[in-house]
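# Descriptive analysis of the structure
Each chain is listed here by its residues.
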Amino acid sequence: MPTPTPSVRRPNILLITSDQHRGDAYGFEGRPVRTPHLDLMAAEGTRFSACITPNVVCQPARASLLTGLLPLTHGVHDNGIELGERYGEAGFAGALSAAGYATRFIGKGHFSTYFSHEPTTRPENVAGSALYGDDWQGPYMGFEQVEMTLMGHHYWLPARAPQGRHYERWYHGDGRGDLKDALYLETAGPDGDAAQTHQSALPLAWHNSSWIGDRAVEMLRAQGRGGARPFCAWVSFPDPHHPFDAPLPWSRLHRPEDMMLPPHRERDFERRPWWHRAAVESPPGIGGEMGRVRQAYSRIGPQSDAQLRHLIANYYGMISLVDHQVGRILTTLDELGLADDTLIVFTSDHGEWLGDHGLVLKGPMFYEGLLRVGLLMKGPGIPAGGIVDDPVSTLDLAATFADWTGVPIDAARHSRSLLPVIQGRESRRHAYGEWRLGPQRCGVALDLRVVRTRHAKLTLELGSGAGELYLLDEDRDEMFNRYDDPGCRGLRDELTALIHARPDDIRDPLPLPIGAA
């Protein structure tokens, strides 16, 4: 297998992410979702077919990707917890900035808490965003320059001045905010009465995916016009995170009747560990408006097959719109002659249940649809058409960027470069994740650990000692919990030892949530 060989010029890094994008929701995975540009990227590069997230919700996963640290070490062990600036600034962006790279962030960050019990001064806090003028562009979390959305999910319409970030101020800046809001709220087609599913009439030109694509293209063109320094850019799309609200014509791209339904889409808590039922049926342990949002926005009840087909079709439409923007970005990179010096990575923060086991959205049940994410790499020396089935994690990207650029990122001590895996010089036995959550989210406190190998997955709830073990080769749909199977005791002990081999560097005390998300 050829060795990646960056050119004499210091190589660029282009990281593109989606949000809540499950690892099988790509055309190359055999799903009926149209992703021609990502399919081409996979064909021209290498993809990891068993990549997991270190945490299945946004803030911890994104903090780990940036810092190369596990959630219980950087401290963001659930949504609603701020990433400490000293941790963020020591991540890959800060290290590359210090080494002379032009570092840029475009899109959804979620390194800070949007909705806090008390206002903060962070630029991503809804109230705190009002403290920053229109000309503020960073620095932030190690990035020299940022152009951001405030959330980016239209369950809440784009914030109005003085609140908002760059997208929201652009959205309202022409005085047509009322018109745009009305068009977004207009129903442009049938939704099948599916939960949080909406065909939006907001014109594509005003959608945040289009804005992020536009800003990324302009960033690359500015680099091509005279960027003397190499660049590291993270382009972060908020879709296909719920609500499932693709705009026309993307909401019509996939017909509901063509959607593949999960083979098992009934809730069967009686055959699962105790926390599955408790997390779904217990009221959130937080009151007021945040409790209402937790109940109404962060949970979706059982959906009929017809409802689920509409929901999936719209989810796929959101993914296809992201794919379209990826195509624009990569075409620009080629046109400017930058592709030969650039490592391109596409991944997501976490997945989405999408009806698996009767569940939609995300929570403390680590089924494959939620835990596994796509990970694609393309660049000089990256093998074309490569498929790596070793279990890896998005946690490993910080060390990969260090390896690719030759810039040490000493703080990213839990991250391991993926380049030796691509080259065939190393193999990976397992990948690991963790989530400690209090009762604010789902009414019960949980301390979860998960380890995934090529063939099996073990999840432990450390507080109670309960667990679940699935043999993925023979039980792809995760129907049979083998945790108490005497015939699997050796495997269970082996995987438990891997969980307990986690580095002994958990923060003490851990930060507490200051809000909901």
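Residues numbered from 1 in each chain as written. Predicted model: local features only at pLDDT ≥ 70, side-chain atom pairs only at ≥ 80, totals over all residues. Heavy atoms only, no water.

If you trace the backbone, proline 247 turns up in the loop between β5 (231–236) and α9 (274–281). Classification of proline 247 as buried rests on a relative accessible area of 1%. For the pair proline 247 and serine 97, spaced 150 residues apart in the sequence, the C-alpha separation amounts to 37 Å. Discounting chain neighbours no more than four positions away, the residues touching proline 247 are Ser200, Leu202, Leu204, His207 and Leu321. (Helix = DSSP H or I, 4+ residues; strand = E, 2+ residues; numbered from the N terminus. Buried < 20%, exposed > 50% of the residue type's maximum accessible area, 1.4 Å probe, protein only. Contact = heavy atoms within 4.5 Å.)

This part takes up the nonpolar core. Within soluble globular proteins, side chains that are nonpolar tend to cluster in buried spots. In terms of nonpolar packing, the biggest core is built from 48 residues, with Phe48, Leu66, Phe92, Trp234, Leu375 and Leu397 touching the most fellow members. Top element by residues in this core is helix α13 (residues 397–405). It accounts for five residues. Ranked by size, the runner-up nonpolar core spans 34 residues in total, among them Ile106, Leu202, Ile212 and Phe237. (Core = buried A, V, L, I, M, F, W, Y, C linked by side-chain atoms within 4.5 Å.)

What follows is about the side chain of aspartate 447. In this structure, aspartate 447 sits in strand β11 (residues 446–452). Accessibility expressed as a relative area gives 14% for aspartate 447, which makes it buried. In this structure the side chain of aspartate 447 is engaged in a polar contact, spanning 3.3 Å, whose partner is the side chain of arginine 436. The contacts of aspartate 447, once residues within four sequence positions are left out, are Trp435, Arg436, Leu460, Glu461, Leu462 and Gly463. (Polar contact = N/O pair within 3.5 Å; in protein donor to acceptor, adjacent residues only side chain to side chain.)

Of all ten residues in helix α2 (residues 58–67), ten are buried; the element is thus mostly enclosed. Every buried residue of α2 is listed here: Cys58, Gln59, Pro60, Ala61, Arg62, Ala63, Ser64, Leu65, Leu66 and Thr67. Just downstream of α2 lies glycine 68, where phi reads positive at about 75°.

Another aspect to go through is the pairing of strand β1 (residues 12–18). Among the seven residues that make up β1, seven are buried, leaving the element largely enclosed by the rest of the structure. On β1, burial covers both faces: Asn12, Leu14, Ile16 and Ser18 on one face and Ile13, Leu15 and Thr17 on the other are all buried. Where β1 and strand β6 (residues 342–348) come together, seven bridges link them in parallel fashion. Across the sheet, leucine 14 pairs through a bridge with isoleucine 344, a residue of β6. Relative to β5, β1 is paired through five bridges, and the arrangement is parallel. The partner of isoleucine 16 across the bridge, within β5, is valine 235. (Pairing = 2+ DSSP bridges.)

The subject of this paragraph is the pairing of strand β10 (residues 431–437). Along any regular strand the residues' side chains alternate between the sheet's two faces. When you tally the buried positions in β10, you get six out of seven residues, the bulk of the element. In the sheet, β10 pairs with β11 via seven bridges, with the strands oriented antiparallel. Bridge pairing in β11 links leucine 437 to leucine 446.

With respect to the helices, strands and loops of the structure, serine 251 is situated in the loop between β5 and α9. Within the local environment of serine 251, its side chain forms a polar contact with the side chain of glutamine 199, the two groups lying 2.9 Å apart. For serine 251, the contacting residues outside a window of four places in its chain are Gln199, Ala246 and Asn314.

Time to look at the sheet that holds strand β13 (residues 466–471). The four strands lie next to each other as β10-β11-β12-β13, forming an open sheet whose pairing is antiparallel. With one partner strand each, in any of the chains shown, β10 and β13 form the two edges of the open sheet. Direction aside, the axes of adjacent strands within the sheet are offset by 10° on average. The strands touched by α9 within the sheet are β11, β12 (456–461) and β13, with β13 carrying the most contacts at an inclination of about 110°. Helix α16 (residues 489–500) rests against β10, β11, β12 and β13 of the sheet, and its axis sits at about 65° to β12. (Axes fitted to C-alpha atoms, helices over the stretch in contact; angles between N-to-C directions.)

On to the confidence of the model for the protein chain, then. Here the protein chain averages 96 in pLDDT, and 98% of its residues register 70 or above. Here residues 1–8 is modelled with pLDDT under 50, and outside its nearest four sequence neighbours on either side it reaches 20 contacts, counting other chains as well. (pLDDT = per-residue confidence, 0-100.)

So, about the packing of aromatic side chains. By the definition in use, this model includes 22 aromatic pairs. On the numbers, 6.3 Å between centres and 90° between planes, the contact of tyrosine 26 with phenylalanine 346 is edge-to-face. You can see tyrosine 26 sitting in the loop between β1 and α1 (36–44) and its partner phenylalanine 346 sitting in strand β6, a full 320 residues away along the chain. With respect to burial, tyrosine 26 and phenylalanine 346 carry one shared label: buried. Note on phenylalanine 115 and tryptophan 156: the rings are 5.0 Å apart at their centroids and 40° apart in plane angle, and the pair reads as tilted. Residue phenylalanine 115 is located in the loop between β3 (102–108) and β4 (145–149), and its partner tryptophan 156 is located in the loop between β4 and α6 (166–173); the two are separated by 41 residues in the primary sequence. Site record: aromatic cluster; members linked through ring pairs are Phe92, Phe105, Phe111, Tyr132, Trp136, Tyr140, Phe143, Trp234 and Phe401. The ring of tyrosine 171 is capped by lysine 180, whose NZ or CZ atom sits 5.2 Å from the centre of that ring. (Phe/Tyr/Trp six-rings, centres within 6.5 Å; stacked < 30°, edge-to-face > 60°. Lys NZ or Arg CZ within 6 Å of the ring centre and 35° of its normal.)

Two elements in contact, helix α8 (residues 208–226) and helix α11 (residues 305–335), have axes separated by 9 Å at closest approach and are oriented at 10°. Between α8 and α11, the angle falls in the class roughly parallel. Contact residues: Ser209, Ser210, Gly213, Asp214, Ala216, Val217, Leu220 and Arg221 in α8; Leu321, Val322, Gln325, Arg328, Ile329, Thr332, Leu333 and Glu335 in α11. (Parallel < 35°, antiparallel > 145°, perpendicular 65-115°, else oblique.)

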